[in-house]
Amino acid sequence: MARSAGFWDRLTGRSQAPPPRARRHRSVVTGAQASATIFVIMRRMRVPLVTLILIFAVSVLGLTLIPGQDDAGRPWDVGFFDAFYFMSYTATTIGFGELPYPFTAAQRLWVMGSIYLTVIGWAYAISALLSLLQDRAFRSALALQHVTRKVARLREPFLLIAGYGQTGESLGRQFDALGRRFTVVDIADARIDALELNTHHADVPGLAGDARNPHDLEVAGLGHPWCEGVLALTDDDEANLAVTMTAALLRPDLPVVTRTISPVMAHRMAAFGEPTVINPFDRFGDHLRLALRAPASYQLMSWLEAGPGAPLPERAVPPAPGRWVVCGYGRFGRHFTADLRAEGLEVTAIDLHPDDDDPDLLVGDGSDPEVLARADLAGAVGFVAGTDDDTTNLSLVAEARDANPDLFVAARRNQPASAVLFDAMDLDAVLIPTEVVAQEAYARLSTPLLWRFVRELSGCSDAWSAELVDRLTATCGERLEALWKVRLDDDEAPSLGPWLRRGELRLGDLLRDPETREDRLDAVPLVALRGEECTLAPGADFVLHPGDQLLFVGRPSERRALSTSLTDPSAPAYLVTGRREPSGWLWRRLSRRTPAPAG
Amino acid sequence: MNLEKVVFGFFVLLAATLNFGFFIGDIADPELHNEYELFAAVVVSLIATVLKFGDRTQIGAVHLATSLVADLQLIAATVVFAYAAHVSTEGLTASSTAAVVSLSGGALLANMVSVVLLVTETVSFHRS
């Protein structure tokens, strides 16, 4: 029953009541703030409107007071009705002529004056209105109201992304592909405009506002009962801290993912609640260590984190253990050097202006041939160009390759515009800080099971990962299929209940085609989570229990087939024993007469 | 003394007094109800409405509402008047005059509420 209710809710767009945890937050936005613009307009239109009314009133009144005559020359006074009619078409410059009778000279004298007056009145009122519509404050207030309304109408879980730069954009694309909703706050109008031009499946409310301002976050849905997470991805550490703080204070129940490259800032962020702080330099070091130790594990991880539709990344061949040369000893270089040393590798770092006196640090310009010669590239195995300037990095790579063509070369890419150049250089590893953050945030928020998998992966052997990659490519091809989660409870798997409780259902049986059980479903189970216990890539004889959570990779058709098995009461018996049990009432009655075989 | 308040009070009161002047007299007698007075009442009422635009207080909202009611009633009265005088073949009869005057009577009630609000606002201002 629970499932069919869910179906109808999805079909009609209605959903269950929002999660109760959201009720306790305090609202920052009041309706008055949103409608303030209307009052500003009305206030500014006061003078033009009063002027217009007065001009009209005087013109009409004068016309009724001046004596006129009809076409036969008899005295005839223009009434209010005719006077108002005449002034209406004259003032708006339509001009039907002198109706109903030609005017006398006195009337014409009056009309002449009132024509100039009314035209000025109209022009004044209309130009005042138009300049109000052009007003920047007014337009942004209109946009604010628009976003407020769109966010308030959201009736499904959504994420709040503060900062829609490269990271935010690529994350947004991934979440959209998963069918997840999100809202955006960004300080730059241009990025919000770009958001509207992007072809997302769902409508994305985007507010051009300051994420440091709690009011703007509130408008973007921080207080919304369906908000399920906040991502602070601006390129300003202070702003990220402000978002983390606001979210922790106003909605302590929400998970927060934020990024920074400064350990001090990470410490300050951690003071508010339990935010997930991603430091891309730190992560890249972890990734590179994984890539050096277990290239297949690294390949698998980066593939899964790239999201559905991503092509299988190449498996890099790690260099033999040896000495590394790191150019640029800033934040990134320091992190990286420490990571490599922790791995037991020898490192020579080069920097022009070093802050501390490291014994292995070469002081000098990395692009100077003499300095590079001192670093002895010929005797090194790896080279990292890690400055914050793309041109420098590229030229460093070229020089290093010149000195030693067999080097393993890694470089840091800062600007998206230089992507083509980095591709053309054919590097062994590229660090793109924004993408590192996007992938990590995706792994954490898309489904908790994927994050669990990624975390456990570093403990697995390289051969194991290579085998799993082969399995994935054999079942799904070179492009990653959708990842989906199944929880084996009464809501999602009502038909399996008795089988799960008896402990008679194995994963291998569940992954059979419910139509012909000899065919296996082309879905690969990545993780099985039972309580806190986590099994990576569970095998066919993995016995399923009630409440288990499973993460699969596979095509949508396989997912549909599996959901049939989960909901059709007669399916599990057929999957396990191969015997078809009648599911209809009549057939069940009939079959009950024959004695059922034991089991 | 706030000039804005003077202008505001002037127009609110004038709208009410003009309206009253048009309304008073035998309801069905066209002789007793001057069309110039109705015209003036409409114009002043419209100006009073515009002056009430953009006030975000609660009492300002009620002010605007009463003014809009008065405008509606008075414009309806002028439309009936124009119809009776220019469109209908019978001219300005007793019944059509009664319709016009009773509509303006409704507007008078709304204008009275406006005046009461104005007085209340003033009194409560002095107290605080």
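Data block above holds the structure.
A. How the structure looks around the overall build of chain A. If you tally the helices and strands in chain A, you get 26 helices and 16 strands. Whereas a compact globule of 599 residues would reach a radius of gyration of roughly 25 Å, chain A reaches 35 Å, over 25% beyond that. With the C-alpha coordinates aligned to their principal axes, the bounding extent of chain A is approximately 115 × 95 × 40 Å. Across the 599 residues in chain A, those meeting the buried criterion constitute 49%. Considering only intrachain contacts with a sequence separation of at least 6, the fraction spanning at least 24 residues in chain A is 66%. Put simply, chain A has 61 plus and 77 minus side-chain charges, and the middle of one group is 11 Å from the middle of the other.

B. Representation of the pairing of strand β14 (residues 523-530) of chain A within the structure. Residues and elements named next belong to chain A. Most of β14 sits out of view: seven of its eight residues are buried. Where β14 and strand β15 (residues 533-536) come together, four bridges link them in antiparallel fashion. Across the sheet, the residue bridging to Ala-528 is Thr-535, located in β15. Taken together, β14 and the strand that follows it, β15, pair antiparallel across an intervening segment of two residues, in which Gly-531 is found at a positive phi of about 65 degrees.

C. Structural context of the sheet that holds strand β2 (residues 181-186) of chain A. All names here are of chain A. Spatially, six strands are ordered β3-β2-β1-β4-β5-β6 in an open sheet, and the strand pairing comes out parallel. Strands at the two margins of the open sheet, each flanked by one partner only, are β3 (206-208) and β6 (276-278). Neighbouring strand axes in the sheet, compared pairwise and without regard to direction, differ in orientation by 15 degrees on average. Examined bridge by bridge, strand β4 (residues 227-232) and strand β5 (residues 256-259) share three bridges and lie parallel to one another. By the bridge assignment for β5, Leu-231 is matched with Val-257.

D. The layout of surface pockets, seen in detail. Residues and elements named next belong to chain A. Approximately 1400 Å³ is the volume attributed to the second largest pocket. Along the walls of the second largest pocket sit 37 residues, with Ser-302, Pro-313, Val-430, Glu-435 and Gln-439 positioned nearest its centre. Across the lining of the second largest pocket, the residue classes break down as 24 nonpolar, five polar and eight charged. Two domains each provide a minimum of three residues to the lining of the second largest pocket, namely domain 2 (146-278) and domain 3 (291-449).

What counts, and at which threshold
Residues numbered from 1 in each chain as written. Chains lettered and ligands numbered in written order. Predicted model: local features only at pLDDT ≥ 70, side-chain atom pairs only at ≥ 80, totals over all residues. Heavy atoms only, no water. Helix = DSSP H or I, 4+ residues; strand = E, 2+ residues; numbered from the N terminus. Rg over C-alpha atoms; globule rule 2.2 N^0.38 Å. Buried < 20%, exposed > 50% of the residue type's maximum accessible area, 1.4 Å probe, protein only. Contact = heavy atoms within 4.5 Å. Lys, Arg positive; Asp, Glu negative; His and termini not counted. Charge placed at Lys NZ, Arg CZ, Asp CG, Glu CD. Pairing = 2+ DSSP bridges. Axes fitted to C-alpha atoms, helices over the stretch in contact; angles between N-to-C directions. 1 Å grid on protein atoms, 1.4 Å probe; cavity = no way out; pocket = protein on both sides within 12 Å on 5 of 7 lines; lining within 4 Å. Points joined across faces, edges and corners; volume = space filled by probe spheres on them. Nonpolar A, V, L, I, M, F, W, Y, C, P; charged D, E, K, R; others polar. Domains from an automatic or database assignment.

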